Amino acid sequence: MNKDIATPKRTKEILEKHGFSFKKSLGQNFLIDPNVLENIVSHAELTEQVGVIEIGPGIGALTEHLARKAGKVVAYEIDGRLLPVLEDTLSPYNNIKVIHQDVLEANLKQMIDEEFKDFKDIVVVANLPYYVTTPIIMKFLLERIPITGMIIMMQKEVADRITALPGTKAYGSLSIAIQYYMDASVAMIVPKTVFVPQPNVESAVLKLTRKEQLPAKVNDEDFLFQVSKGSFVQRRKTILNNLQTSLPDGKTKKESILAAFKEADIDPRRRGETLTIEEFARLSNALYSDFS
Ligand code: SAM
């Protein structure tokens with residue numbers, strides 16, 4: 001087996017050889033602990049039949065661990081300075097394709113058709129750039145990209161919000177948007193010391209697995225997310241007060257909003273954080289005809 005990229009010594013050598021300097025604005029915190037990488041990869045349950053999409057390979061620390069277990073890895077890297085580095089560090093592997101692109105701009109469906117035609121499952125595994133964690137996850141979910149799961153490193157605080165349950169402080173529109181599609185759990189907590197440079201915050205690896213069945217039927221998923229977002233604008237306010245200001249047409253429509261609460265059998269004096277996803281779905285369906 002090739003020598004690991006992610007030891008502190010080898011990473012330093014690679015960075016020096018290529019004269020690479022970190023860009024904080026691109027969320028560049030590279031992993032320098034092979035044990036953490038092994039642990040992340042073990043949660044992805046990779047086999048030769050599995051294709052992996054990685055976001056932000058950096059100098060290839062995680063990429064090579066993925067390539068050793070998966071059939072193929074396609075990695076999106078935004079920073080052109082890393083392309084020659086990756087060509088060098090990943091040269092022992094023939095099952096990796098690096099695409100120089102902002103993943104948020106990528107046509108993922110087309111890439112999957114071209115690169116993963118013969119694969120049984122596709123998973124996303126990544127140490128995400130923290131400044132765009134949520135938009136990246138939501139892109140995969142809203143564009144209905146056919147992945148079976150995601151194993152992703154992020155700020156612990158964001159992982160806590162994604163996995164939060166109703167009635168807790170961390171529960172909000174992000175928990176609802178992601179748990180609508182995926183089962184979410186924290187797979188491991190990761191200390192700052194395994195990165196270079198060290199981030200300011202603690203990190204966590206989140207495991208998302210696609211739900212076999214959606215938790216509720218809604219007329220329009222985007223409208224569900226609009227309603228749930230609008231219900232948390234001011235956490236201390238009742239859901240009725242929040243929706244009166246956040247739904248289109250605002251205060252003039254109090255009667256219609258109250259009628260929707262009645263139809264959904266939900267007390268308008270409750271706060272958003274007490275509603276389950278199923279209740280938000282009922283409310284969103286009841287509001288749909290008047291406010292979508
Ligand atoms: N995977 C490497 C590791 O674990 O050591 C690097 C992870 S680092 C946290 C995030 C990487 O994502 C960086 O290489 C950065 O250049 C890249 N990146 C940042 N924004 C991106 C975007 N929008 N699309 C693709 N890559 C991005």
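Remember, it's a predicted structure, so these values are computed and weren't measured experimentally.

Cut-offs used in this document
Residues numbered from 1 in each chain as written. Predicted model: local features only at pLDDT ≥ 70, side-chain atom pairs only at ≥ 80, totals over all residues. Helix = DSSP H or I, 4+ residues; strand = E, 2+ residues; numbered from the N terminus. Buried ≥ 20, exposed ≤ 12 C-beta atoms within 10 Å, placed from the backbone. Contact = placed C-beta atoms within 7 Å. UniProt positions renumbered as here; feature names shortened; annotations may be inferred. Core = buried A, V, L, I, M, F, W, Y, C linked by C-beta atoms within 7 Å. Domains from an automatic or database assignment. Near = placed C-beta within 6 Å. Nonpolar A, V, L, I, M, F, W, Y, C, P; charged D, E, K, R; others polar. Pairing = 2+ DSSP bridges. Axes fitted to C-alpha atoms, helices over the stretch in contact; angles between N-to-C directions. Parallel < 35°, antiparallel > 145°, perpendicular 65-115°, else oblique. Left-handed = near helix turned anticlockwise from the far one by under 90°.

Undergrad: Before we move on, can you summarise the overall build of the protein with the specific residues and values?
TA: What the protein contains, in helices and strands, is twelve helices and nine strands. C-alpha atoms of the protein, sized along the principal axes, occupy 65 × 40 × 30 Å. Going through the 292 residues of the protein one by one, you find that 39% of them count as buried. Intrachain contacts of the protein at a sequence separation of at least 6 include 67% that bridge at least 24 residues.

Undergrad: Describe the UniProt feature "binding site: S-adenosyl-L-methionine" (unreviewed entry) in the protein, listing the residues and the values that go with them.
TA: The UniProt record annotates "binding site: S-adenosyl-L-methionine" (unreviewed entry) at Asn-29, Leu-31, Gly-56, Glu-77, Asp-102 and Asn-127. Examined against the element boundaries, Leu-31 turns out to sit in strand S1 (residues 30-31). Along the chain, Gly-56 turns up in the loop between strand S2 (50-55) and helix H3 (61-69). Its 23 C-beta neighbours within 10 Å are what place Gly-56 among the buried residues. Aside from chain neighbours lying at most four places away, what touches Gly-56 is Glu-77, Ala-126, Asn-127, Leu-128 and Pro-129.

Undergrad: Which residues make up the nonpolar core, and what are the values?
TA: Generally speaking, a soluble globular protein has its nonpolar side chains buried in company with each other. Ranked by size, the top nonpolar core spans 78 residues in total, and within it Val-52, Val-123, Val-124, Val-125 and Ile-152 carry the most contacts. Counting residues domain by domain, this core receives three or more from each of domain 1 (8-210) and domain 2 (221-290). If sequence neighbours within four positions are ignored, Val-124 has contacts with Ile-53, Phe-140, Ile-147, Met-150 and Ile-152.

Undergrad: Hey, could you go over H3 for me, with residue numbers and the actual values?
TA: Count 3.6 residues to each turn of an α-helix, and residues three or four apart come out pointing the same way. Most of H3 sits out of view: seven of its nine residues are buried. Within H3, the full set of buried residues consists of Ala-61, Leu-62, Thr-63, Glu-64, His-65, Leu-66 and Ala-67.

Undergrad: Tell me about the site of the ligand, and name the residues and values.
TA: Residues in contact with the ligand amount to 23 residues; listed here are only the nearest, Phe-30, Gly-56, Gly-58, Asn-127 and Pro-129. Elements with a minimum of two residues in the shell around the ligand: S1, H3 and strand S3 (72-77). When the residues that make up the shell around the ligand are grouped by side-chain class, the tally is 14 nonpolar, six polar and three charged.

Undergrad: Account for the sheet that holds S2, naming residues and giving values.
TA: The seven strands are arranged S4-S3-S2-S5-S6-S9-S7 in an open sheet whose pairing can be described as mixed. A single partner strand is all that each edge strand has here, and the edge strands are strand S4 (96-100) and strand S7 (182-190). Averaged over all neighbouring strand pairs, the angle between strand axes comes to 20°, with direction disregarded. Contacting strand S5 (121-127), strand S6 (149-155), S7 and strand S9 (203-210), helix H2 (residues 34-44) crosses the sheet at an angle of about 145° to S6.

Undergrad: Before we move on, could you go through the domain arrangement of the protein and cite the residues and values that matter?
TA: Annotation of the protein at the domain level lists domain 1 (8-210) and domain 2 (221-290). One C-alpha centre belongs to domain 1, the other to domain 2; they are set 35 Å apart. Of the residues lining the interface, nine residues belong to domain 1; the matching set on domain 2 comes to ten residues. Grouping the amino acids of the side of domain 1 that touches domain 2 by side-chain chemistry returns five nonpolar, four polar and no charged.

Undergrad: Can you explain the UniProt feature "domain: Ribosomal RNA adenine methylase transferase N-terminal" (unreviewed entry) in the protein? Please cite residues and give values.
TA: In the numbering adopted here, UniProt assigns the feature "domain: Ribosomal RNA adenine methylase transferase N-terminal" (unreviewed entry) to residues 36-212. Helix makes up 33% of residues 36-212 and strand 28%, whereas the separation of the span's terminal C-alpha atoms amounts to 29 Å.

Undergrad: Which residues make up unusual backbone geometry, and what values do they have?
TA: The omega torsion across Val-196 and Pro-197 is -15°, close enough to zero to call that bond cis. Of note, Pro-197 is situated in the loop between strand S8 (195-196) and S9. At Arg-144, a residue that is not glycine, the phi angle is positive and equals roughly 50°. Tracing the sequence through the fold places Arg-144 in the loop between helix H6 (133-142) and S6. The exposure class assigned to Arg-144 is exposed, which follows from the 11 C-beta atoms found within 10 Å.

Undergrad: Describe the packing of helix H10 (residues 239-246) against helix H11 (residues 254-264), and please don't skip the residues or the numbers.
TA: Where H10 contacts H11, the axes come no closer than 10 Å and their chain directions differ by 135°. For the element pair H10 / H11, the angle class is oblique. H10 and H11 meet at a crossing whose hand is right-handed. On the side of H10, the interface is formed by Leu-240, Leu-243 and Gln-244, while H11 contributes Lys-254, Ile-257 and Phe-261. A per-class count over the contact of H10 with H11 returns four nonpolar, one polar and one charged.

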